[in-house]
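The primary structure of each chain is shown beneath.
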Amino acid sequence: MTAASSSRPVPVHAATPPVSAMTWMSVFGRLLAIQGSWNYETLLGNGVGFALEPALRRLPGGVHGDAFKAAMARESAYFNAHPYLTSVAVGALARAELSGVPPERIERFRTALCGPLGSVGDRLIWAGWLPFSSLVALVAFGFGAAPMTVVLLFLGLYNAGHFGVRVWGLYVGWKYGLGVASALANPVLRQGPAYIARAAAAVAGVAIPLAASRILGFRGPLFIGALACGAVIAVGLVRLHGRVEGWKLVLVLIALFALVSVAR
Amino acid sequence: MIEVLPVALLGGVLGLDVVCFPQMMISRPLVAGTVAGAFVGDSTTGMLTGATLELIALATLPFGASRYPEWGSAAVVGGAIAGAVHMQAPGAITIGVLMALATAWVGGWTLVKLREWNAWLAGRKRGALERGSRGTVIGLQLAGLTSDLTRAILLTGLAYWLLFPLARAMIALWSFDGMLSRAVTAGAACAVAAAAAWTIFHSARGARWYFAAGLMVGLLLLSFG
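Residues numbered from 1 in each chain as written. Chains lettered and ligands numbered in written order. Predicted model: local features only at pLDDT ≥ 70, side-chain atom pairs only at ≥ 80, totals over all residues. Heavy atoms only, no water.

S.K.: Break down the overall build of chain A for me, citing the residues and quoting the values.
M.R.: Helix and strand counts for chain A stand at 9 helices and 0 strands. The linear arrangement of helices and strands in chain A, starting from the amino end, is α-α-α-α-α-α-α-α-α. Computed over C-alpha atoms, the radius of gyration of chain A comes to 23 Å, more than 25% over the 18 Å expected from 2.2 N^0.38 for 264 residues, which places it beyond the range of a compact globule. For chain A, the spread of C-alpha atoms along the three principal axes comes to 75 × 40 × 35 Å. Relative to its full complement of 264 residues, chain A shows a buried share of 56%. Just so you have it, chain A exposes about 10,700 Å², and 66% of that area is on carbon and sulfur atoms. Taken together, the 21 basic and 9 acidic charged side chains of chain A have centroids lying 15 Å from each other. (Helix = DSSP H or I, 4+ residues; strand = E, 2+ residues; numbered from the N terminus. Rg over C-alpha atoms; globule rule 2.2 N^0.38 Å. Buried < 20%, exposed > 50% of the residue type's maximum accessible area, 1.4 Å probe, protein only. Areas by Shrake-Rupley, 256 points an atom, 1.4 Å probe, with all protein chains shown as cover. Lys, Arg positive; Asp, Glu negative; His and termini not counted. Charge placed at Lys NZ, Arg CZ, Asp CG, Glu CD.)

Okay, structure coming up:
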């Protein structure tokens, strides 16, 4: 897929096949399980076929027709993208299949979508919205919020973005079909990750000492010592450039600490 | 130990959320640890364990095919163990975090095996998939979902069943006081979180200054709070 030449998406004007609200609800429900059979061979491929299946039933001949079977075979092949942003592909592919776009063109389009939908989703969601939501909830935790408040704040904030992206993706995919590339030039997708990263960095700075204070339940020399030691270890982890995974280091440290505690 | 079954079922549902369905992040340690603690009657200890694990989990984001710890089932095990031995016991949170990290490691391995299992199932049905068989596509999806749910239930149930007696034995022998235990655990978790925040966000322009400003605000809040 080539980069968009303008920020305004250009709809593809093809005969719009009718798809009922119930069908869209079915497609959306299946999108939530799109990684159900994720594997190292076809990755998300089977999930894309699974999600598209209710819409493909509208093809001539229904589920027993040749068009349906050919489309199912095409759409269940290898596919890789971010699971949430795959809704863009599912919407666009549904439109292309139901509009009778030639199979070769659909396959090329399908292959071209993988890279952009993967990289945008990873930056926007996994490296942006998820840590941001988590850190906001940790700030609330650090301020002494009740367990239910912390949980609901995290789930509410994160899923507002999560479901928003999935619904938007399906909508623009269906609306623009093979022309959906221009919709990916949306400012939220292009500049959003950088804004979220800056906000998350600020929230991380607030969240880490506040959360540590709540976990410890006290402040004093031991608290300051814990933060200082944590800062030294953090600098070490950063300088190691990922050669040591933080969670494995913590596992080893705590296991040694526990061993000494029970053995002495 | 009568809570093994409900804890295993909870771990199954939350473990399924990690990859397969619905990825609403109910599997994040902050949520899973808190809910698991509530299951055994101490949501506050569950939340403290979950928050510690959440700080550590910031370093392992679920990018594509990368191998990462399975936090959903693991946080249920950690939160339930810490909640069951109660916060008053010195070392409860430390032991809950330790058990969760061990379970997360094994859980990450089980996810890899699940993906290989799914690939094997798909390979057996390649002919039907190439013919566009609707039943095969739906069947593979349901088989994958069921396998993941079963994986997560078994992982949580076995881990809780094996680790809870060990945790109780460790609590009985625990010699460090609660303050030191929590300081070590929280310090290590904060180190991972700070390193993760730097790694994730440092490429964004000015992010390091935003982080420094946030840190100043956090420390000021603690000073005056």
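S.K.: A description of the packing of aromatic side chains should follow, citing residues and the corresponding values.
M.R.: Applying the stated criterion across every chain, the model contains 13 aromatic pairs over all chains. Their ring planes at 70° and their centres at 5.0 Å tell us that Trp24 of chain A and Trp174 of chain A sit as a pair that is edge-to-face. Of this pair, Trp24 of chain A sits in helix α1 (residues 21–31) while Trp174 of chain A sits in helix α6 (residues 147–176), placing them 150 residues apart in sequence. Accessibility expressed as a relative area gives 18% for Trp24 of chain A, which makes it buried. Both rings, one in Trp117 of chain B and one in Trp120 of chain B, keep their centres 5.4 Å apart while their planes meet at 20°; by these two values the pair is stacked. You can see Trp117 of chain B and its partner Trp120 of chain B sitting in helix α5 (residues 92–124), 3 residues apart, about one turn around the helix. Each residue in the set Tyr84, Trp126, Phe154 and Tyr158 of chain A is aromatic and connected to the rest through ring pairs, giving one cluster. (Phe/Tyr/Trp six-rings, centres within 6.5 Å; stacked < 30°, edge-to-face > 60°.)

S.K.: Requested: an account of helix α1 (residues 4–19) of chain B, with residues and values cited.
M.R.: Residues and elements named next belong to chain B. Over its 16 residues, α1 extends 23 Å from the first C-alpha to the last, a length consistent with the 22 Å expected when each residue adds 1.5 Å. Here α1 lies mainly inside the structure; 12 of its 16 residues are buried. Among the residues making up α1, those that are buried are Val4, Val7, Ala8, Leu10, Gly11, Gly12, Leu14, Gly15, Leu16, Asp17, Val18 and Val19. Of the surrounding elements, those touching the buried residues of α1 are α2 (29–39), α4 (71–85), α5 and α7 (134–173). (Expected span 1.5 Å × (residues − 1). Contact = heavy atoms within 4.5 Å.)

S.K.: Could you give an account of the pattern of salt bridges, with specific residues and numbers?
M.R.: Summed over all chains, the structure comprises 11 salt bridges over all chains. Glu53 of chain A is paired through a salt bridge with Arg30 of chain A; the nearest N and O atoms lie 3.1 Å apart. Linking Glu53 of chain A in helix α2 (residues 45–56) with Arg30 of chain A in helix α1, this pair joins segments that are 23 residues apart in sequence. For the pair formed by Glu53 of chain A and Arg30 of chain A, the shared burial category is buried. Glu245 of chain A serves as the salt-bridge partner of Lys248 of chain A, at 3.2 Å between the closest nitrogen and oxygen. Residue Lys248 of chain A is classed as partly exposed on the basis of its relative accessible area of 29%. The exposure class assigned to Glu245 of chain A is partly exposed, which follows from its relative accessible area of 34%. Connected through shared salt-bridge partners, Arg30, Glu53 and Arg57 of chain A together with Arg134 of chain B make up one network. (Salt bridge = Lys/Arg side-chain N within 4 Å of Asp/Glu carboxyl O.)

S.K.: Provide a residue-level description of the state of the cysteines, including the pertinent values.
M.R.: Counted under the stated rule, the structure contains 0 disulfides over all chains. Distance from the sulfur of Cys229 of chain A, which forms no disulfide, to the nearest cysteine sulfur (Cys190 of chain B) is 12 Å. Overall, the relative accessible area of 5% leaves Cys190 of chain B in the buried class. (Disulfide = S-S within 2.5 Å.)

S.K.: I'd love a proper account of the side chain of Asp148 of chain B, names of residues and values included.
M.R.: All names here are of chain B. By secondary structure assignment, the location of Asp148 is in helix α7. According to the relative accessible area criterion, Asp148 is buried, its value standing at 0%. Those residues in contact with Asp148, other than ones at most four positions away along the chain, are Gly15, Leu16, Cys20, Leu111 and Leu114.

S.K.: Requested: an account of empty space enclosed by the protein, with residues and values cited.
M.R.: As enumerated under the stated definition, the model contains 3 cavities of 30 Å³ or more in all. Of the voids in this model, the largest cavity is the one considered here, and its volume is about 120 Å³. Lining the largest cavity, in full, are Leu130 of chain A together with Val18, Met25, Ser27, Arg28, Thr60, Leu61, Pro62, Tyr68, Pro69, Trp71 and Gly72 of chain B. Split into classes, the residues belonging to the lining of the largest cavity amount to 8 nonpolar, 3 polar and 1 charged. (1 Å grid on protein atoms, 1.4 Å probe; cavity = no way out; pocket = protein on both sides within 12 Å on 5 of 7 lines; lining within 4 Å. Points joined across faces, edges and corners; volume = space filled by probe spheres on them. Nonpolar A, V, L, I, M, F, W, Y, C, P; charged D, E, K, R; others polar.)

S.K.: Lay out unusual backbone geometry with the relevant residues and their values.
M.R.: All names here are of chain B. The omega torsion of the bond from Phe21 to Pro22 falls at -10°, within 30 degrees of zero and hence cis. Take Pro22: it is sitting in the loop between α1 and α2. Unlike most non-glycine residues, Met25 shows phi in positive territory, near 65°. If you trace the backbone, Met25 turns up in the loop between α1 and α2.

S.K.: How would you explain a nonpolar patch on the surface if you had to name every residue and give the values?
M.R.: Residue and element names in this part refer to chain B. There is a patch of nonpolar side chains on the surface, built from Met1, Leu154, Leu158, Trp161 and Leu162 and spanning about 530 Å² of accessible area. Summarising the element assignment, Leu154 is placed in helix α7. Taking the relative accessible area as the measure of exposure, Leu154 reaches 52% and is therefore exposed. (Patch = residues over 30% accessible without salt bridge, like charges linked within 9 Å, V, L, I, M, F, W, Y side chains within 5 Å.)

S.K.: Any chance you could break down the side chain of Glu54 of chain B for me, citing the residues and the numbers?
M.R.: Note on placement: Glu54 of chain B falls in helix α3 (residues 43–57). Overall, the relative accessible area of 1% leaves Glu54 of chain B in the buried class. Of the polar contacts made by the side chain of Glu54 of chain B, one reaches the side chain of Arg28 of chain B; its length is 2.9 Å. Leave out the neighbours within four places in its chain, and Glu54 of chain B touches Ser134 and Leu138 of chain A together with Arg28, Pro29 and Leu30 of chain B. (Polar contact = N/O pair within 3.5 Å; in protein donor to acceptor, adjacent residues only side chain to side chain.)

Purely geometric stuff here, so don't read any function into it on its own.
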